[in-house]
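# A look at the structure
So you can see what is in the structure, the chains are spelled out below.
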Amino acid sequence: MSAVTDPDPDPDSPGSDPARKRRAHGMLKLYYGINEEGKPGEKRDPLDPCDINGARFEPEVYLNKLRKDSSLAELMDQETGMVKQIRSLDSDMQTLVYENYNKFISATDTIRKMKNDFKKMEDEMDCLAANMAAITEFSARISGTLQGQHQQITKLSGVHTLLRKLQFLFELPSRLNQCVAMEAFPQAVTYYTKARSVLHQYQNMPSFQGIQNDCQNIMAQLAQKLREKFSDGVSSSSELSECVELLLRLDEPAEELCDKFLSHAQSRLEEELAGLEAELGAGSHQQAPPTASTSSTDILEFIDKGCNNFVSSLCLVIASYQELFITSVPGTSVSSRLQDGELASRDVPRMASSKLVEFVDRLCGRYFSVVELRIREEKGVGDNSLLVRALDRFHRRLQAVSKVLPGSGVPARGTEIVVGAARGRVRQYLAGLKSFYLDSLTDVRQALSAPRLPGKEAPSLAEVLGGLSSAVLNQVKSVLAYVHLFTAKDVSFASKPYFKGEFCSQGVREGLVVSFIQFICQSSQQFCESVGEKGAPSTPPSLLLLLSRLCLDYESSTISYILTLADEQFLGQDQSPLTPVSVLCAQAREVAQRLLNHYVKLQGLIVSQMLRKSVETRDWINTIEPRNVRAVMKRVVEDTTAIDVQVGLLYEEGVRKAQSSDSSKRTFSVYSSRQQPRYTPSYTPSAPMDTNLLSNIQKLFSERIDIFSTVEFNKVSVLTGIIKISLKTLLECVRLRSFGRFGLQQIQVDCHYLQLYLWRFVSDENVVHSLLDEIVGSAAHRCLDPAPMEQSVIEVICERG
């Protein structure tokens, strides 16, 4: 019973026992028949008398069953369990009382307060009932007192009202004259419109007929003054609206007033348009677009001037016109006056709307032409934030026209101008990127062909390539940042469907980025087709090599980076097909391959021309005994070494086949190295037939050398292609000449010198050995006196050379 003296009325306090909640939760589960897994338990028979939780529970039957079915130990366990359950139930009941203790106290206090409040309310209601009874009694007394004089008072009141109306009618001409003299035209029209129906009704009476004639003459003069004021050209918009309103109330023809109102407004608006055209430099809106900007203000200031002057005035005219001719006039609506027959035309709102739409379309068309001309003057390829701000302001102000003139095509036409400006800007940026790339190529070409000054190192190809690639990439990033302003969140037209879809996908990605990448590939490929004077190549070989590496870099990383950057900045919602990255990469790789192949052919042609001239300009039959290596061979080795250094700056080394240890000690016989040695010393005048036959048979079983095979993107493959072309040219030139003894020996010396140095540049040294063997063998076959030089002598000459 200690819990009674120390209750815990708040069950949610931090000190409450969580076991109580779990126990209560378990009791609920037991009540609803749910087991610990949250599933319904086994259903019990509600009529079972042995179910201690059932409605038909019988203690005697339950005890008898326990005594029969259970042992003593089980009965003791059952008793212990029941005692625990009883204690638990008592504890739960006590907890329930403690938890609701505060609620019981609070309910008691509330009931006590309600009793006090109702007592006060009863006293106030009694007082109110007494007051209402007194008021009812006084009202009954007043009604009884005035009941006899009520009809007489009503009659006198009617007579008084009639006399006041008659007095107003008799004084109406003087009042109208006084208002006209004071130029209080609205008051005069108000007086006349109030009395017009009465005068018209009693116009047959002489007295009223005179008043009506006087009033009509006065109002005719007033209408004439209003027309003069309407046409003087110096009245403000509010004054014009007042004049039209008064003339309409005087039943002037609505169509004529519409025309006059719009004509007067048009003169004012055309003055503002003329000011814009004069500032633009165009004398008329029908002139052709100017070739150069003649405006002294920037595009934002120009658009601001047009919006603040022309568009604002146009909106004011539209609002005033609609208020006067379409919606309503203060004091009376157009529809009510149409029903009363006060206007001759039965279709004034429709007529007025058609005139307004035609008027707005005509003037806005002229304004849009001026704006388009000014936008075309923005031809720079730099920051276009001013242009975007101007277009945003232009678009926002045109939305005001749609509010005052719903259904107008002016906002849609303005959006078309904004879209056209965005498209034109993208085209300008594409042209700017192309121009920048071509200018960069011109600078690169000049840097590669500039003569080297003493003491100053020329920039390497790697530095030139890095500068070109970074410059082009930075320019593309800048252009994307400029174009991204069109889709900024604070720009009103960015929410239009075009800027969410087509502008991002087809405009920027395809029209700008993809087109520029394709232009780089196409312009680079043109260098493979350019030919200078007399069929000579007009492109420096180093430029071909640089562009090849540039296109290869684009294929490997740059294209994916640029397109990813564009896709992240321009999240288009358009479902139109896009150019895959793989297609652009394949195109760039194909161009890089063509450029590299053309570079190999061009360098091979340069070396081949030196070799061909050296063979064709020499008398190989009457030449002297060789004492050194010819200078052209030294030049070939020097040029090949220079090409090796040049290519190594941009491409990796590549893979070579395993080299033999005696590559630089290889010797050449006067016949092909594939011939058997036993045929060499038996050379007789009849021998050439046998040796030619053996040589041809041997070629059938030798590996074929493809001279113009595809070049791989590495240094070894490039040098191999150039050397194969050069040696093949030398071989063909040798086949067209006849040689004497010393001529053959000179060929031996030259080939041995080339073999000493060229084998280290190629991927397979056997290619060089095979071609040099064929050159020496071909010279021997065409030698009139084939007497080869000793190998030791050849080595001495080459070492000395």
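Residues numbered from 1 in each chain as written. Predicted model: local features only at pLDDT ≥ 70, side-chain atom pairs only at ≥ 80, totals over all residues. Heavy atoms only, no water.

### Details of the side chain of T558
Tracing the sequence through the fold places T558 in helix α19 (residues 541–569). Discounting residues that sit within four places of it in the chain, T558 has contacts with L473 and D553. (Helix = DSSP H or I, 4+ residues; strand = E, 2+ residues; numbered from the N terminus. Contact = heavy atoms within 4.5 Å.)

### Thoughts on a nonpolar patch on the surface
Taken together, M114, F118, M121, M125, L128, M132 and I135 make up a surface patch of nonpolar side chains, about 710 Å² in accessible area. By the element assignment, I135 lies in helix α5 (residues 101–146). You can call I135 exposed: its relative accessible area is 54%. (Patch = residues over 30% accessible without salt bridge, like charges linked within 9 Å, V, L, I, M, F, W, Y side chains within 5 Å. Areas by Shrake-Rupley, 256 points an atom, 1.4 Å probe, with all protein chains shown as cover. Salt bridge = Lys/Arg side-chain N within 4 Å of Asp/Glu carboxyl O. Buried < 20%, exposed > 50% of the residue type's maximum accessible area, 1.4 Å probe, protein only.)

### With respect to the confidence of the model for the chain
Looking at the chain as a whole, the pLDDT averages 78, with 79% of positions reaching at least 70. Mean pLDDT values for the elements of the chain range from 38 in helix α1 (residues 2–5) up to 92 in helix α20 (residues 581–616). The low-confidence segment residues 1–16, where pLDDT is below 50, has 15 contacts with residues more than four positions distant or belonging to other chains. Segment residues 282–294: pLDDT under 50, and 20 contacts once partners within four positions in sequence are set aside and those in other chains are kept. (pLDDT = per-residue confidence, 0-100.)

### Notes on the packing of helix α11 (residues 299–327) against helix α13 (residues 348–376)
Running from N to C, α11 and α13 point in directions that differ by 175°, and their axes come no closer than 11 Å. When the axis of α11 is compared with that of α13, the two are roughly antiparallel. The residue inventory of the contact of α11 with α13, partitioned by class, reads 24 nonpolar, 3 polar and 2 charged. (Axes fitted to C-alpha atoms, helices over the stretch in contact; angles between N-to-C directions. Parallel < 35°, antiparallel > 145°, perpendicular 65-115°, else oblique. Nonpolar A, V, L, I, M, F, W, Y, C, P; charged D, E, K, R; others polar.)

### What to know about α11
Remark: the principal bend of α11, roughly 30°, maps to C307. If you check the start of α11, you find a side-chain oxygen 3.2 Å away from the backbone N of L300, and it comes from D298. (Bend = angle between axes of the 7 residues up to and from the residue. Polar contact = N/O pair within 3.5 Å; in protein donor to acceptor, adjacent residues only side chain to side chain.)

### What about the side chain of S542?
Its place among the elements puts S542 in helix α19. Setting aside residues no more than four positions away along its own chain, S542 makes contact with L448, L461, Y599 and Q646.

### Re a negative patch on the surface
Together, E122, D123, E124 and D126 line one region of the surface with negative charge. Its place among the elements puts E124 in helix α5. (Lys, Arg positive; Asp, Glu negative; His and termini not counted. Charge placed at Lys NZ, Arg CZ, Asp CG, Glu CD.)

### Some details on the environment of L650
The residue L650 is located in the loop between α21 (631–648) and α22 (687–700) in this model. The class for L650 is buried, based on a relative accessible area of 7%. With 100 residues separating them along the chain, L650 and L550 place their C-alpha atoms 9.5 Å apart.

### Remarks on the pattern of salt bridges
A complete count under the given rule lists 29 salt bridges for this structure. The salt bridge partner of R366 is E277, with a shortest N-O separation of 3.2 Å. Note that R366 is positioned in helix α13 and E277 in helix α10 (residues 254–280), a separation of 89 residues in sequence. For R366, a relative accessible area of 17% translates into the label buried. Using a relative accessible area of 3% as the deciding quantity, one classes E277 as buried. Of the charged contacts in the structure, one is a salt bridge between R374 and E378, with a shortest N-O distance of 2.8 Å. Relative accessible area serves as the criterion here: at 2%, R374 is assigned to the buried category.

### Remarks on the nonpolar core
Formed by 191 residues in total, the largest nonpolar core has its most connected members in F325, F359, Y367, F503 and L512. Beyond its immediate stretch of four places on either side in the chain, Y367 contacts L273, L276, I303, G306, C307, F310, V311 and F394. (Core = buried A, V, L, I, M, F, W, Y, C linked by side-chain atoms within 4.5 Å.)

### Focus on the packing of aromatic side chains
By the definition in use, this model includes 17 aromatic pairs. Seen from their ring centres, Y367 and F368 are 6.0 Å apart, and the 45° between their planes marks the pair as tilted. The buried category is assigned to Y367, whose relative accessible area is 2%. Since its relative accessible area comes to 3%, F368 is described here as buried. Ring-pair connections join several aromatic residues into one group, and the members of that group are F486, F493, Y498, F499 and F503. The ring of Y651 carries the charged tip of R549 above its face, separated from the ring centre by 5.3 Å. Stacked on the ring of W620, the Lys or Arg R618 has its end atom at 5.4 Å from the ring centre. (Phe/Tyr/Trp six-rings, centres within 6.5 Å; stacked < 30°, edge-to-face > 60°. Lys NZ or Arg CZ within 6 Å of the ring centre and 35° of its normal.)

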